[in-house]
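# Residue-level structure breakdown
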Amino acid sequence: MNVCVGQFRLFLYMAGTATACTAAVLFLCGKLLEPGLRLYLPLAEPWIMAAGSICIAGLGCLYGLLWLCTYADWFRGHTIQFFLRSYLRVLFPLVRMQGTLMGKKTAVCDAYIYFMNHLVLRRHLQFQPRRVLLLAPHCLQWDKCPHKITRNIANCHQCGQCPIGDILSMTQAMGIPFAVATGGTLARQIVKDTRPEIVVAIACERDLISGMEDIAPMPVLGLLNERPNGPCFNTGVDLTALRNLLQMITGENYECT
Ligand code: SF4
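Quick caveat: nothing in here was measured; it's all calculated off a predicted structure. (Residues numbered from 1 in each chain as written. Predicted model: local features only at pLDDT ≥ 70, side-chain atom pairs only at ≥ 80, totals over all residues. Heavy atoms only, no water.)

## Details of the overall build of the chain
Each helix and strand in the chain was counted, giving eight helices and four strands. Beginning at the N terminus, the succession of helices and strands in the chain can be written as α-α-α-α-β-α-β-α-β-α-β-α. Buried residues in the chain amount to 43% of all 257 residues. For the chain, restricting intrachain contacts to residue pairs at least 6 apart in sequence, the fraction spanning at least 24 positions comes to 68%. When the accessible surface of the chain is totalled, it reaches about 14000 Å², and 61% of it is carbon and sulfur. Averaging the positions of the 22 positive and the 16 negative side-chain charges in the chain gives two centres separated by 5 Å. (Helix = DSSP H or I, 4+ residues; strand = E, 2+ residues; numbered from the N terminus. Buried < 20%, exposed > 50% of the residue type's maximum accessible area, 1.4 Å probe, protein only. Contact = heavy atoms within 4.5 Å. Areas by Shrake-Rupley, 256 points an atom, 1.4 Å probe, with all protein chains shown as cover. Lys, Arg positive; Asp, Glu negative; His and termini not counted. Charge placed at Lys NZ, Arg CZ, Asp CG, Glu CD.)

## Concerning the layout of surface pockets
Here the largest pocket is characterised by a volume of approximately 580 Å³. What lines the largest pocket is a set of 30 residues, and nearest its centre among them are Gly183, Gly184, Ala187, Ala203 and Asp207. Broken down by element, the residue count for the lining of the largest pocket peaks at eight residues, all from helix H7 (residues 205–215). Tallied by class, residues from the lining of the largest pocket come to 18 nonpolar, seven polar and five charged. Its boundaries defined by the atoms lining it, the second largest pocket holds a volume of some 380 Å³. In terms of lining, the second largest pocket is formed by 18 residues, of which the most central are Arg85, Met116, Ala216, Pro217 and Met218. Mapped onto the lining of the second largest pocket, the elements with two or more residues apiece are helix H3 (78–101), helix H4 (105–121) and H7. If one sorts the elements of the lining of the second largest pocket by residue count, H3 sits on top with six residues. Composition of the lining of the second largest pocket by domain shows at least three residues from each of domain 1 (5–103) and domain 2 (129–250). (1 Å grid on protein atoms, 1.4 Å probe; cavity = no way out; pocket = protein on both sides within 12 Å on 5 of 7 lines; lining within 4 Å. Points joined across faces, edges and corners; volume = space filled by probe spheres on them. Nonpolar A, V, L, I, M, F, W, Y, C, P; charged D, E, K, R; others polar. Domains from an automatic or database assignment.)

## Some words on the nonpolar core
In this structure, Phe11, Leu66, Leu88, Leu91, Phe115 and Leu135 are the most contacted members of the largest nonpolar core, which totals 40 residues. If one sorts the elements of this core by residue count, H4 sits on top with eight residues. When residues are assigned to domains, this core turns out to be shared by domain 1 (5–103) and domain 2 (129–250), each giving three or more. Excluding its chain neighbours within four sequence positions, the residues that come into contact with Leu91 are Phe11, Ala15, Ala18, Thr19 and Leu66. Leu134, Ala136, Ile149 and Leu242 belong to the second largest nonpolar core, which has 30 residues in total. (Core = buried A, V, L, I, M, F, W, Y, C linked by side-chain atoms within 4.5 Å.)

## A few points about the domain arrangement of the chain
Taken domain by domain, the chain comprises domain 1 (5–103) and domain 2 (129–250). Look at where the C-alpha atoms of domain 1 and domain 2 centre, and you get two points 35 Å apart.

## Quick word on the state of the cysteines
The tally for this structure, following the rule as stated, stands at zero disulfides. Free of any disulfide, Cys69 has its nearest cysteine sulfur in Cys61, 13 Å distant. (Disulfide = S-S within 2.5 Å.)

## Focus: the packing of aromatic side chains
If you walk through the whole model with that rule in mind, you get seven aromatic pairs. Here the aromatic rings of Phe11 and Tyr112 are separated by 5.1 Å at their centres, their planes lie at 55 degrees, and the arrangement is tilted. Residue Phe11 is found in helix H1 (residues 5–40), and its partner Tyr112 is found in helix H4; the two are separated by 101 residues along the sequence. Exposure remark for Phe11: the relative accessible area of 0% places this residue in the buried category. Residue classification places Tyr112 among the buried residues on the basis of a relative accessible area of 3%. Ring geometry for Tyr63 against Trp67: centres 6.4 Å apart, planes inclined by 85 degrees, an arrangement best described as edge-to-face. In this pair, Tyr63 and Trp67 both sit in helix H2 (residues 45–71), four residues apart, roughly one turn of the helix. For Trp67, a relative accessible area of 28% puts it in the partly exposed group. What links up through ring pairs into an aromatic cluster is the set Phe8, Phe11, Phe92, Tyr112 and Phe115. (Phe/Tyr/Trp six-rings, centres within 6.5 Å; stacked < 30°, edge-to-face > 60°.)

## Remarks on the environment of Arg85
You can see Arg85 is positioned in helix H3. Owing to a relative accessible area of 29%, Arg85 belongs among the partly exposed residues under this scheme. Along the backbone, Arg85 and Leu242 are 157 residues apart, and their C-alpha atoms lie at a distance of 25 Å. Sequence-distant contacts of Arg85, that is, excluding residues within four places in its chain, are made with Ala216 and Pro217.

Here it is as structure tokens:
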């Protein structure tokens, strides 16, 4: 899966708008409070105004950092990644709110997931297959399947009725651990038990975004599921995109699997 800029440009632009709006609100609050502060807290007023100015400048710097991390290869240090993650954690709810107001909530969430994938892929990380964990949602399983695969994925008989069988044969050939989770709690438990170095997760926008936040700073690559029958029911996944993603992070070529 190659993430191109066009897929997450919407997120970058809306992040800029959210940052500018927050800075404008801070500036206006400062202007409104300034006369009162000068009257009642004359000693503290310059310090409070200076702190406000630093916050506004800091927001501008963080947005600049977002662009640098998007395009500059040398912005990969742990401290920078920490600042970026903290900024995104605060910024994303504002961006999503904007998206909701504009009727583009799903597009914004998709763009955010592509952006997060881009940040991981830009680091050109490579992992041994056994250090990767592939997590899939339970809704990928055919709803009439009698086999209990959440406890043990080997219970899947690979009958071809749903993508689980194909994913299982792919991951077995690659030597990549694969698990199916019924929800966020089980997914977190699986990550805790298997202790991977990177997680590749298939899910809907909401679960992917919350999962990415939950297991940070561990890198996560998200692949959106396909929902031809509506949410959470007999969903699908692009197997070629999944294979490409797994090949990219393991550095192996599994074309013949
Ligand atoms: S592929 Fe596996 S999980 Fe899917 S329906 Fe067949 S046995 Fe069940």
